Amino acid sequence: MDQRFPKEDRLRTSAEFDLVFAGKCSVADPNLVVYIAKNEVTHSRIGLVVSKKVGNAVHRNRWKRQLRAIFRTGKDRLPTGVDLVVIPRSRNHPTHSDLRRSVETLARRAKNKLNKRNSAEQAS
RNA sequence: GAAGUGAACUGGAUAGCCGCCGGUAGUUGCUUUUUCGGAAGCAAUUGCGGGAGGAAAGUCCGGGCUCUGUAGGACAAGGUGGUCGGUAACGCCGACCGGUCGUGAGAUUAGGGAAAGUGCAACAGAAAAUAUACCGCCUAAGUCCCUUCGGGGAACGGUAAGGUUGAAAUGGUGCGGUAAGAGCGCACCGCGGGUAAGGUGACUUGCCUGGCAUGGUAAACCCCACCUAGAGCAAGGCAAACAGGCAGGAAAUCGGUCUUCGGACCGGUUGCGAACUUGUCCGGUUCGCUAGUUACUGCCGGGUUCGCUGCUUGAGUCGACGAGCAAUUUUCGACCUAGAGGAAUGGCUAUCGCUGUCGCCUUGUGUGACAGUACAAAACCCGGCUUAUAGGUUCACUUCGGCG
RNA sequence: UGCGGGGUAGUUUCUGUUGGUAUGAAAUACCUGACUUUGAAUCAGGUGUCUGCUGGUUCGAUUCCAGCCCCCGCAG
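If you're wondering where the values come from, they're calculated on a predicted model, not measured in any experiment.

## Focus on the environment of Arg-10
Tracing the chain through its elements places Arg-10 in the segment before α1 (14-23). Each C-alpha atom, one on Arg-10 and one on Ser-44, is 8.7 Å from the other, the two residues being 34 residues apart in sequence. A distance of 3.4 Å separates a polar atom in the side chain of Arg-10 from the backbone oxygen of Phe-5.

## A short note on the pairing of strand β3 (residues 45-48)
Every second residue of β3 is oriented toward a common face, with Arg-45 and Gly-47 on one face and Ile-46 and Leu-48 on the other, all of them buried. The handedness of the β3 to strand β4 (residues 82-88) crossover, carried by helix α2 (residues 57-73), is left-handed.

## Considering the side chain of Ser-44
Structurally, Ser-44 can be placed in the loop between β2 (32-38) and β3. Exposure remark for Ser-44: the relative accessible area of 10% places this residue in the buried category. Within the structure, Ser-44 has its side chain in polar contact with the backbone oxygen of Pro-79 (distance 2.6 Å). Of the polar contacts made by the side chain of Ser-44, one reaches the backbone nitrogen of Gly-81; its length is 3.3 Å. Contact partners of Ser-44, with chain neighbours within four places excluded, come to Asp-9, Asn-39, Phe-71, Pro-79, Thr-80, Gly-81 and Val-82.

## Some words on the sheet that holds strand β1 (residues 26-28)
On the basis of which strands lie adjacent, the open sheet formed by four strands has the order β1-β2-β4-β3 and mixed pairing. Each edge of the open sheet carries a strand with a single partner, namely β1 and β3. On average, adjacent strands in this sheet sit at an angle of 20° to one another, irrespective of strand direction. Pairing geometry for β1 and β2, over three bridges, is antiparallel. Across the sheet, Val-27 pairs through a bridge with Val-34, a residue of β2. The strands touched by α1 within the sheet are β2, β3 and β4, with β4 carrying the most contacts at an inclination of about 90°. Along the sheet face, α2 touches β2, β3 and β4 and points at about 170° away from the line of β3.

## Regarding the protein's contact with RNA strand B
For RNA strand B, the set of nearby residues contains 22 residues, the closest of which are Gln-3, Arg-4, Leu-11, Asn-61 and Arg-65. A distance of 3.3 Å separates a phosphate oxygen of RNA strand B from a polar atom in the side chain of Arg-62. Within the side chain of Gln-66, a nitrogen or oxygen atom sits 3.2 Å from a phosphate oxygen of RNA strand B. For the surface near RNA strand B, the elements supplying multiple residues, two or more each, are α1 and α2. At nine residues, α2 tops the list of elements feeding residues into the surface near RNA strand B. The residue inventory of the surface near RNA strand B, partitioned by class, reads seven nonpolar, seven polar and eight charged.

Reading the values: the criteria
Residues numbered from 1 in each chain as written. Chains lettered and ligands numbered in written order. Predicted model: local features only at pLDDT ≥ 70, side-chain atom pairs only at ≥ 80, totals over all residues. Heavy atoms only, no water. Helix = DSSP H or I, 4+ residues; strand = E, 2+ residues; numbered from the N terminus. Polar contact = N/O pair within 3.5 Å; in protein donor to acceptor, adjacent residues only side chain to side chain. Buried < 20%, exposed > 50% of the residue type's maximum accessible area, 1.4 Å probe, protein only. Right-handed = clockwise from strand over helix to strand, strands pointing away. Contact = heavy atoms within 4.5 Å. Pairing = 2+ DSSP bridges. Axes fitted to C-alpha atoms, helices over the stretch in contact; angles between N-to-C directions. Near = heavy atom within 4 Å. Nonpolar A, V, L, I, M, F, W, Y, C, P; charged D, E, K, R; others polar.

Below, the structure written as structure tokens:
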């Protein structure tokens with residue numbers, strides 16, 4: 001399995017982030033908020049937003065590294081062809097396995113929500 | 001052995017799987033160029049090697065670097081404040097001096113000037129800066145009254161020892177002295193002045209002398225000495241692209257040349273206006289001056305979707321000898337040690353180490369279980385300061401107790 | 001990353017003190033009373049702040065001076 005994580009897999013510019021937020025399609029659990037939007041490339045991309053409320057620079061960097069590692073090693077269990085923006089909510093760190101389960105569940109729910117919304121728009 | 005003081009250092013280790021960011025060597029692909037040998041750039045991939053801190057933090061000081069500005073001077077504004085040294089520089093560091101604290105090792109200290117001037121001190125208290133006289137003490141001398149002739153009383157007065165208030169009351173303690181007292185006199189201490197010695201100096205030590213005279217506050221205004229342009233890598237440069245709107249102003253005269261006699265041009269003098277001189281003024285520089293723009297200046301906006309560079313070899317790190325009490329530094333040698341950009345330097349697993357608690361007996365620094373293993377992550381780069389920090393290591397010194 | 005501004009009633013905001021013991025006020029909150037059958041609204045009266053924290057200077061600090069903490073804004 002390809003577990004690499006090149007720059008093409010990341011959201012990098014302000015415009016890309018704004019596009020995802022403009023879709024207004026999000027799901028959440030106590031740990032994370034996930035925004036989702038369909039993209040123009042074949043693979044999925046991820047962007048991270050970690051606010052200062054989560055902790056100091058050391059804790060913020062740890063959040064980002066863990067979330068990137070989960071995306072990198074679990075790409076086959078995540079939906080394809082979408083942009084994800086993941087936002088941590090709480091100050092305390094969950095364990096790695098809890099975080100992995102949380103990300104995969106939320107990504108699946110978000111994909112279902114996006115499909116339902118798209119079919120509703122086509123019907124109307 | 002116990003308690004403490006001051007410095008310096010350290011800031012977990014190993015293995016496996018999977019990744020990230022630079023560098024370098026090769027391979028492959030694409031593009032550009034070509035003197036057809038190649039060269040350059042980009043991307044992918046393989047190998048090798050590198051990849052957070054002592055505070056990277058706070059952004060409190062000082063510099064480098066970059067742009068803007070700059071003939072010069074004065075003022076203003078801000079900062080620093082024992083002395084000598086160190087340094088590129090500092091508000092930093094070292095040594096020393098004075099004050100305060102500690103039995104001591106040591107710690108700490110914005111520590112110039114209050115006889116240059118001004119201001120301030122609520123309440124309380126008699127009195128708060130020219131001292132004053134509330135309660136007191138005295139009534140000796142001179143005046144008046146009474147008198148049993150011993151003395152008693154009164155006013156005028158003397159006094160600052162004692163009391164009260166306050167943060168602070170015009171040297172302190174003791175003896176003498178006196179009507180009572182007082183530096184009124186004396187001794188010691190403190191203070192002022194002079195002088196000698198030591199020290200580069202802050203200052204220290206001694207001697208003589210003055211009877212004491214000018215209390216606090218300058219992190220109040222101020223005075224003195226010294227220092228200081230402004231902005232900041234989102235600085236700036238290259239390439240590409242774009243080049244729009246609004247606003248701002250002022251003359252007289254002299255000489256010469258030409259003339260279609262209306263004027264035009266050239267040069268000078270005195271002025272005027274605009275802009276700059278990044279606080280103000282003097283002074284200076286540039287441009288323009290009868291007419292309309294241009295030059296010039298100011299303000300506002302649009303686009304650039306974020307390319308390359310600046311970007312890491314530097315007051316660099318380590319070591320040796322020498323100078324210096326030290327901070328630091330001469331010389332020599334060796335070394336190259338992160339350069340990201342929605343932001344890398346890691347994710348997971350296992351084992352070990354360290355610390356604490358509890359258990360077990362084979363009382364060993366043994367073994368097992370559980371818990372903990374800090375603070376905090378480069379953003380142009382250095383020198384400091386300040387603040388945060390689990391645990392561990394080393395050295396020097398002090399006090400107390402025991403033994404010899 | 002760099003630069004700048006601020007912190008006083010339970011909450012939001014203004015004002016005062018050349019350093020003398022926090023003056024006055026608005027909105028909201030709370031309490032009491034009036035009006036009402038009751039409540040809301042309205043009216044009247046009342047309650048409450050020792051100044052973000054820690055030191056220093058001073059007789060005395062909200063004010064002056066340091067060091068921290070928190071909040072907010074700006075930039076091509």
